[in-house]
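Analysis of the macromolecular model
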Amino acid sequence: MIKAVIFDLDGVLTDTAHYHFQAWQALAHSLGIAFNEQDNEQLKGVDRLGSLRLILAKGQLSVDDATEQQLMAQKNAHYLKLIANMSEADLFSGVRPLFTALKQRGIKLAVASASKNADFVLQRLGIYNEFDAIADAALVKASKPDPEIFLQAAARLGVAPAQCLGIEDAAAGVSAINSAGMQAIGIGDAEVLHEALRVYPNIEALDIATLLTL
Ligand code: B16
Ligand code: MG
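The protein chain appears in an unreviewed UniProt entry as Beta-phosphoglucomutase from Alishewanella longhuensis. Taken directly from UniProt, the Sequence similarities (unreviewed entry) text for the protein chain runs: "Belongs to the HAD-like hydrolase superfamily. CbbY/CbbZ/Gph/YieH family."

Quick look at helix α4 (residues 65-83)
Here α4 spans 27 Å end to end across 19 residues, near enough to the 27 Å set by a 1.5 Å rise per residue. Turning to α4, its buried residues are Leu71, Lys75 and Tyr79. Angularly, the buried residues of α4 cover 70° about the axis, an arc narrow enough to put them on a single face. Exposed and oriented more than 90 degrees from the buried face of α4 are Ala66, Gln70, Ala73, Ala77 and Lys81. Where the residues of α4 are buried, they touch α1 (16-30) and α3 (48-58).

A look at the site of ligand 1
As a structural note, the neighbourhood of ligand 1 is formed by 21 residues, with Leu9, Asp10, Ser113, Ala114 and Ser115 the closest of them. Of all the secondary-structure elements, those providing two or more residues to the shell around ligand 1 are α1 and α3. Grouping the amino acids of the shell around ligand 1 by side-chain chemistry returns seven nonpolar, eight polar and six charged. Looking at which domains feed residues into the shell around ligand 1, each of domain 1 (4-14 + 88-211) and domain 2 (17-83) supplies at least three.

Quick word on helix α8 (residues 171-179)
Among the nine residues of α8, seven are classified as buried, and the element is accordingly described as predominantly covered. Taken together, the buried positions of α8 are Ala171, Ala172, Gly173, Val174, Ser175, Ala176 and Ile177. Count one or two residues on from α8 and you reach Gly181, which has phi positive near 80°.

What about the environment of Phe150?
You can see Phe150 is positioned in helix α7 (residues 148-157). Here Phe150 falls in the buried class, since 29 other C-beta atoms lie within 10 Å of it. Separated by 27 residues in sequence, Phe150 and Ile177 have C-alpha atoms that sit 6.5 Å apart. Not counting the four nearest positions on each side in its chain, Phe150 is found in contact with Ile6, Ala112, Gly166, Ala176, Ile177, Ala180 and Met182.

A few points about the domain arrangement of the protein chain
Domain boundaries assigned for the protein chain yield domain 1 (4-14 + 88-211) and domain 2 (17-83). The distance between the C-alpha centroids of domain 1 and domain 2 comes to 23 Å. Each side of the interface is counted separately: domain 1 has 16 residues, and domain 2 has ten residues. Counting residues per element, the side of domain 1 that touches domain 2 draws most heavily on α8, at three residues. Of the residues assigned to the side of domain 1 that touches domain 2, the class counts are seven nonpolar, three polar and six charged.

Some words on the environment of Ile203
Tracing the backbone through its elements, the reader meets Ile203 in the loop between β6 (198-200) and α9 (208-211). Judged by the 21 C-beta atoms lying within 10 Å of it, Ile203 falls in the buried class. Along the chain, Ile203 and Ile134 lie 69 residues apart, while their C-alpha atoms are 19 Å from each other. Excluding residues within four positions of it along the chain, Ile203 makes contact with Val12, Phe92, Gly94, Val95, Leu98 and Ile187.

Let's talk about the confidence of the model for the protein chain
Detailed reading of the predicted model is not advised wherever pLDDT is low. The pLDDT averaged across the protein chain works out to 95; a share of 100% of its residues lies at or above 70. For this predicted complex, the interface confidence comes out at an ipTM of 0.92, alongside a pTM of 0.92.

Things to note about the pairing of strand β5 (residues 183-187)
Among the five residues of β5, five are classified as buried, and the element is accordingly described as predominantly covered. Residues Gln183, Ile185 and Ile187 point to one face of β5 and Ala184 and Gly186 to the other, with burial holding for every one of them. Between the parallel pair strand β4 (residues 164-168) and β5, the chain is carried across by α8, and the sense of this crossover is right-handed. In this structure, β5 lies alongside β6, joined through three bridges in parallel fashion. Within the sheet, the bridge partner assigned to Gly186 lies in β6 and is Val199.

Reading guide: rules and limits
- Residues numbered from 1 in each chain as written.
- Chains lettered and ligands numbered in written order.
- Predicted model: local features only at pLDDT ≥ 70, side-chain atom pairs only at ≥ 80, totals over all residues.
- UniProt positions renumbered as here; feature names shortened; annotations may be inferred.
- Helix = DSSP H or I, 4+ residues; strand = E, 2+ residues; numbered from the N terminus.
- Expected span 1.5 Å × (residues − 1).
- Buried ≥ 20, exposed ≤ 12 C-beta atoms within 10 Å, placed from the backbone.
- Arc of directions from axis to C-beta.
- Contact = placed C-beta atoms within 7 Å.
- Near = placed C-beta within 6 Å.
- Nonpolar A, V, L, I, M, F, W, Y, C, P; charged D, E, K, R; others polar.
- Domains from an automatic or database assignment.
- pLDDT = per-residue confidence, 0-100.
- Right-handed = clockwise from strand over helix to strand, strands pointing away.
- Pairing = 2+ DSSP bridges.

In structure tokens form, the structure reads like this:
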């Protein structure tokens, strides 16, 4: 029986996944590396350094540590500009009613986000205080698809992984949920997220009654 739902942030609760894409694409192009939405699928859910290294590998470029730091700072500065004006209006529709319905059933809520900007985004969306636990990049060493971030979220909730359901928009995130021994729900493209138990086009389409019988 499901006792907790652990949400990914970027791409599940709000459209920051698109801002990450825009900022990575600008950086890739500034390095002369072609980068489109399909390339971006590999980056979703992957931490900042891992994402940069995937882009550099695509362009067959290798740089020293200091340059890596500088490129990550450049991407993050661009990303922060893109999200500077985010507000509660940027919360995907369906999220608030879903939170209410889950809480009414006594289900605990958590976030598992690979982003170092997760707190800022959650505050901007006005949902920071809705969660029983938040696990973000500051808490874990291993990036998705490693299960660490979902396991940390479950531990903070005090719920066994087998009683948790994870919701993700990234293939790496779905793998992380499965490796954590949780039930995985995908948001997005069913082909990309084929390892998930069920895939919905967006969070509003999620059918809570079905979820809780998983
Ligand atoms: P930052 P999530 C992930 O967040 C994003 O999917 C991924 O695109 C991004 O590179 C990563 O956070 C790191 O973000 O640069 O802000 O630390 O989907 O796990 O909520
Ligand atoms: Mg995501």
